[in-house]
Amino acid sequence: SEFVLAGAAACGAITLTNPMDVVKTRLQLQGELASKGGGGGSRAYRNVGQALWRIGASEGLRGLQRGLGAAYLLQFSNVGCRFGGYDLLKRAFGVQPGDSTTGWIQLFAMGAASGCMAAVASNPFFLLKTRFQAAGSEDVRHQHKYTSLRSAFLDIGRAEGLRGYYRGISVFIPRVAAASSTQLSTYDVIKAWYMRRTGAGDCFSTHVAASMLAGAAVTLAMQPFDFAAVRLMNQSAGEGALYAGPVDCIAKTVRSEGVLGVYKGTSANYLRFGPYCVLVFVFLEQLRSAWDRFL
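Residues numbered from 1 in each chain as written. Predicted model: local features only at pLDDT ≥ 70, side-chain atom pairs only at ≥ 80, totals over all residues. Heavy atoms only, no water.

Observations regarding the overall build of the protein chain
Along the backbone of the protein chain there are ten helices and zero strands. In terms of overall size, the protein chain behaves like a compact globule, its C-alpha atoms giving a radius of gyration of 19 Å where 295 residues would be expected to give roughly 19 Å. Overall, the C-alpha framework of the protein chain stretches about 55 × 40 × 35 Å when taken along its three principal axes. Counting all 295 residues of the protein chain, 52% fall into the buried class. If you take every contact in the protein chain between residues at least 6 apart in sequence, the share linking residues at least 24 apart comes to 81%. In the form shown here, the protein chain has an accessible surface area of approximately 12900 Å², with 63% of it arising from carbon and sulfur atoms. (Helix = DSSP H or I, 4+ residues; strand = E, 2+ residues; numbered from the N terminus. Rg over C-alpha atoms; globule rule 2.2 N^0.38 Å. Buried < 20%, exposed > 50% of the residue type's maximum accessible area, 1.4 Å probe, protein only. Contact = heavy atoms within 4.5 Å. Areas by Shrake-Rupley, 256 points an atom, 1.4 Å probe, with all protein chains shown as cover.)

Looking at a nonpolar patch on the surface
A cluster of nonpolar side chains, Phe-3, Val-4, Phe-76, Leu-88 and Met-117, forms an exposed patch at the surface whose accessible area comes to about 450 Å². Looking at the nonpolar patch, the elements that each hand over two or more residues are α1 (2-29) and α3 (68-93). The exposure class assigned to Phe-3 is partly exposed, which follows from its relative accessible area of 33%. (Patch = residues over 30% accessible without salt bridge, like charges linked within 9 Å, V, L, I, M, F, W, Y side chains within 5 Å. Salt bridge = Lys/Arg side-chain N within 4 Å of Asp/Glu carboxyl O.)

Observations concerning the pattern of salt bridges
All chains considered together, the criterion is met by 19 salt bridges. Here Lys-191 makes a salt bridge to Glu-285, at a shortest N to O gap of 2.9 Å. Here the residue Lys-191 occupies a position in helix α7 (residues 169-198), and Glu-285 occupies one in helix α10 (residues 266-294), the gap between them amounting to 94 residues. The pair formed by Lys-191 and Glu-285 is uniform in burial state, with each residue classed as buried. Bridged by salt links that share partners, the residues Asp-21, Lys-24, Lys-129, Arg-175, Asp-226 and Arg-272 form one connected network.

Some points on the nonpolar core
Residues Phe-126, Leu-128, Ile-156 and Phe-172 are the most contacted members of the largest nonpolar core, which totals 29 residues. When residues of this core are traced back to their parent elements, those giving at least two are α3, α4 (101-134), α5 (149-160), α7 and α8 (204-234). Here this core gets eight residues from one element, more than from any other, and that element is α4. Ignoring anything within four residues of it in the chain, the contact list for Ile-156 reads Leu-127, Leu-128, Arg-131, Tyr-146, Gly-161, Gly-164 and Tyr-165. (Core = buried A, V, L, I, M, F, W, Y, C linked by side-chain atoms within 4.5 Å.)

Here's the deal with helix α9 (residues 246-257)
An ideal rise of 1.5 Å per residue puts 16 Å on twelve residues; α9 measures up with 16 Å between its terminal C-alpha atoms. On the buried face of α9, the contacting elements are α8. (Expected span 1.5 Å × (residues − 1).)

Points about α1
Along its 28 residues, α1 runs just 34 Å from first to last C-alpha, ending more than 12% under the 40 Å computed at 1.5 Å per residue. Thr-17 marks where α1 bends most, by close to 60°; the proline Pro-19 follows one to four residues later. The positive-phi residue at the C-terminal boundary of α1 is Gly-31, with phi of around 65°. (Bend = angle between axes of the 7 residues up to and from the residue.)

Some details on unusual backbone geometry
We note that Leu-33 has phi near 60°; this positive angle belongs to a residue other than glycine. Within the secondary structure, Leu-33 is located in the loop between α1 and α2 (48-64).

Some remarks on the state of the cysteines
Evaluation of the coordinates by the stated rule reveals zero disulfides. The closest cysteine sulfur to the non-disulfide-bonded Cys-277 is located on Cys-11, 16 Å from its own sulfur. The exposure class of Cys-277 is buried, given its relative accessible area of 0%. (Disulfide = S-S within 2.5 Å.)

Have a look at this one:
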């Protein structure tokens, strides 16, 4: 049940936070490999608020919700596998949050393991989401012209074969492993600690407090991997490819855009993942309660 409930909770959360994900993706892609200080004044998106306004004004609600269909597939497959696998591992090894430092390390490892599994299952959908969100941007170097989610999936298969669906997998696995291990273990440990220290029950306010802190930790842990994954997955195939792999992507970015180039979109990433993390855990806790009551 955890696979289905977590996937459903994530789909509900991304419906509300997808506009910020669009902004995050475009900020990470804009000015790709442009020299430091060169053409900065002509950038389409200067900050998160201005980017949201500009996308909404020029592309409407459809622009702010670009890639939502692919995002649903990503969320259901990724979060379902992460949370479901994590729950199975906790039950199998009998680990409880707050038992000890060793227990936290075990939870961290279980989160990483479930994250690796989820990355393999969901990589094609992250790729599709990234490409749909980049399309229509005023300041993205390479854009893929797909007419629908189905045609995009078929086009990638025809042009690149099975390997095309797993472009960027070498950095997507550590991205999801870092996010999963940090998010799941941190949420469990903070939630248990908060309930012990405050005497609060397993209630809405507890879920919100634990998930907000977990969201901040996840953003810091996965930012470099997320940045490299977005750029690798959006680049064109073959001779038009800009990067040979994640290390090459980071190195070229630092040389052309400076160290801070790797952290493009960090504020948008937290403004997306912070509320998203809260919504996922709150929705999931409510779905768990409903499942226990009625099923």
